[in-house]
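Examination of the molecular architecture
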Amino acid sequence: MMTADNKQINKQWRLKARPVGAPNADTWEYTETELPPILDGELLIKIEYISMDPAMRGWLNDAKSYIAPVQIGEVMRAGTVGKVIESKHEKFAVGDYVAGHNGVQSYAISDGTGLHKVDPNLAPLSYYLGVLGMPGMTGYFGLLKTGQPKAGETVVVSGAAGAVGGLVGQIAKLKGCRVVGIAGGAKKCKFLVDELGFDAAVDYKNENVKKGLKQACPDGVDVFFDNVGGDILNDVLTQINLHARIVICGAISQYNNTTEVKGPSNYLSLLVNRARMEGIVVFDNIKEYPIAMKDIAGWIGSGDIKVKDHIVEGIETFPDTLMMLFKGENFGKLVLKVEG
């Protein structure tokens with residue numbers, strides 16, 4: 001956006017107040033400000049797509065975590081991909097496309113820290129926020145390094161129709177596993193089986209999860225990749241096999257709680273089955289991202305992995321778009337397109 005005197009205007013969403021429970025209108029402040037000139041060693045990025053991720057809710061809490069919280073008054077942290085439109089940086093040229101964590105805004109001035117170039121000819125730009133971005137890396141390393149699936153084992157994935165879950169299930173199929181997804185609604189469950197090749201799906205909104213799992217996993221559960229937590233984690237723990245691996249990726253059912261987080265009451269199943277439960281943070285694997293991106297891009301190219309993006313247009317819609325994640329309204333990787 002330009003003003004009459006050709007000054008570029010940056011649209012930004014900033015953290016106004018820390019939410020208790022679900023974020024609402026009082027959480028955010030929308031601002032429009034003129035962009036200052038860039039300095040030597042800087043570049044100006046026109047952001048095209050912004051990633052909407054469940055982890056963003058945790059970044060709002062003023063609590064010790066794997067990453068510092070977003071501060072009051074700061075632009076909301078988010079994964080982004082965009083085009084370099086001005087550069088005084090030796091490593092980035094005008095016309096380059098770059099991905100990084102440049103926040104919920106229409107432009108970003110960067111010194112290059114945390115940026116990497118991406119190729120819009122190899123894959124749609126939005127993919128670099130999904131299967132070839134943080135969710136893809138999360139699914140790849142969480143399943144293969146932490147879950148360690150073996151051919152013939154049964155892998156269960158919660159939040160299976162989301163950005164991470166859909167990829168986890170497809171990779172598990174490539175590794176020769178029986179794959180069962182847990183998702184909300186008949187449409188998502190049908191998509192998992194018919195489009196992504198899952199062996200079965202359990203609809204947590206319309207059926208008893210414990211009964212559904214028993215039917216879908218006659219040989220028990222060897223690997224559980226959990227994005228949801230809460231009751232679903234408890235239900236899966238009743239079905240695990242000896243030496244099962246439970247990968248704790250997220251717990252979206254608990255993120256907006258105003259009361260204490262609901263932990264697994266069936267955790268003694270870990271003892272009985274000599275199983276392990278391990279949390280994962282994707283940034284631990286950052287040095288190996290190129291390996292994962294090459295593998296995933298290869299699987300997409302060969303048709304072994306299918307990608308579903310859910311794109312919402314207009315940066316003005318950010319607060320409502322983010323909440324789609326917590327209402328289960330997104331179908332696939334949720335991405336905000338800056339310009340509608």
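Let me sum up the structure you'll find in this document. It should be emphasised that the depicted structure is a prediction, and the values quoted were computed from it without experimental measurement. Residue numbering note: each chain is counted from 1, following its sequence as written. Thresholds applied to this predicted model are a pLDDT of at least 70 for local features of residues and 80 or more for the giving and counting of side-chain atom pairs; totals over whole chains, interfaces and linings are not thresholded and use all residues. The basis for every side-chain value is the complete set of heavy atoms in the structure, and neither hydrogens nor water enter the calculation.

Quick word on the environment of S302
Note the threshold: Runs of H or I in DSSP of at least four residues are treated as helices and runs of E of at least two as strands, each being numbered from the N terminus. Buried, partly exposed and exposed residues are distinguished by accessible area as a fraction of the type maximum, computed with a 1.4 Å probe on protein chains only: under 20%, between the cut-offs, and over 50%, respectively.
Structurally, S302 can be placed in the loop between α8 (289-301) and β14 (309-313). On the accessibility criterion, S302 (45% relative accessible area) is partly exposed.

Focus on the nonpolar core
Threshold: Working definition of a nonpolar core: buried Ala, Val, Leu, Ile, Met, Phe, Trp, Tyr and Cys residues. They are joined through side-chain atoms within 4.5 Å. The contact criterion used is simple: two residues touch if any of their non-hydrogen atoms lie within 4.5 Å.
Among the nonpolar cores identified, the biggest contains 77 residues, and I50, M52, M56, M76, V104 and F318 are the most heavily contacted of them. In terms of residue count, the dominant contributor to this core is helix α9 (residues 318-327) (6 residues). Ignoring sequence-local partners within four residues, the contact set of M76 consists of W13, R14, W28, M56, W59, L60, V70, G103, V104 and F318. A200, A216, C217 and A244 belong to the second largest nonpolar core, which has 21 residues in total.

With respect to a nonpolar patch on the surface
Applied cut-off: Residues form patches when they are more than 30% accessible in relative terms and have no salt bridge. Like charges link within 9 Å. Nonpolar side chains (Val, Leu, Ile, Met, Phe, Trp, Tyr) link within 5 Å. The Shrake-Rupley method, run with a 1.4 Å probe sphere, supplies the accessible areas, and residue values consider only the shown protein chains as cover. Think of a salt bridge as a Lys or Arg side-chain nitrogen and an Asp or Glu carboxyl oxygen that are within 4 Å of each other.
Together, Y267, L268, L271 and V272 line one region of the surface with nonpolar side chains, adding up to about 440 Å² of accessible area. Among the structural elements, Y267 can be located in the loop between β12 (240-248) and α7 (268-272).

Details of the packing of helix α2 (residues 134-147) against helix α3 (residues 163-174)
Axis angle and axis distance: for two packed helices, these are the angle between their axes and the distance between the axes, and together they describe the pair. For the record, the criterion: Lines are fitted to the C-alpha atoms to define the axes, a helix being fitted only along its stretch in contact, and any angle between axes, read from their N-to-C directions, falls within 0 to 180 degrees. Each angle is binned into one of four classes, with values under 35 degrees roughly parallel, values over 145 roughly antiparallel, values of 65 to 115 roughly perpendicular, and all other values oblique. Two helices crossing with the near one rotated counterclockwise from the far one by less than a right angle form a left-handed crossing, whereas a clockwise rotation gives a right-handed crossing. Here the nonpolar group is Ala, Val, Leu, Ile, Met, Phe, Trp, Tyr, Cys and Pro; Asp, Glu, Lys and Arg are the charged ones; every other residue, Gly included, is treated as polar.
Orientation of α2 relative to α3, taken along the N-to-C sense of each, is 45°, at an axis distance of 8 Å. Classified by the angle between their axes, α2 and α3 sit oblique to one another. The interaxial crossing formed by α2 with α3 has right-handed handedness. Here α2 contributes P135, G136, T138, G139, Y140, L143 and L144 to the contact with α3, which in turn contributes A163, V164, L167, V168, I171 and A172. Residues belonging to the contact of α2 with α3 are distributed by class as follows: 10 nonpolar, 3 polar and no charged.

Comments concerning the sheet that holds strand β9 (residues 178-183)
As a reminder, the rule being used: The pairing criterion is simple: DSSP has to find at least two bridges between the two strands.
Taken together, 6 strands build an open sheet; the order of strands is β10-β9-β8-β11-β12-β13 and the sheet is parallel. On the outer flanks of this sheet lie β10 (200-203) and β13 (276-279), each paired with one strand and no other. Each strand axis lies, on average, 15° off the axis of its neighbour in the sheet, ignoring direction. Relative to β13, β12 runs parallel, the two being bridged by 4 bridges. By the bridge assignment, I248 is partnered in β13 with G279.

Considerations on the packing of aromatic side chains
The following threshold applies: Note on ring pairs: Phe, Tyr and Trp rings are taken, using the six-membered ring of Trp, and paired if centres are within 6.5 Å. Classes follow the plane angle, with under 30 degrees stacked, over 60 edge-to-face and the rest tilted.
Under the counting rule described, the total for this entry stands at 7 aromatic pairs. Ring centres 4.9 Å apart and planes at 75° place the aromatic pair W28 and F318 in the edge-to-face group. With W28 in strand β2 (residues 28-34) and F318 in helix α9, this pair connects stretches of sequence that are 290 residues apart. Comparing W28 with F318 shows no difference in burial state: the two are buried. Both rings, one in F191 and one in F331, keep their centres 5.1 Å apart while their planes meet at 85°; by these two values the pair is edge-to-face.

Quick look at the packing of helix α5 (residues 209-216) against helix α6 (residues 230-237)
Remark: α5 packs on α6, axes separated minimally by 9 Å, with the N-to-C direction vectors making an angle of 40°. By the angle between their axes, α5 is oblique relative to α6. The interaxial crossing formed by α5 with α6 has right-handed handedness. In this structure, α5 contributes V209, K210 and L213 to the contact, and α6 contributes I232, D235 and V236.

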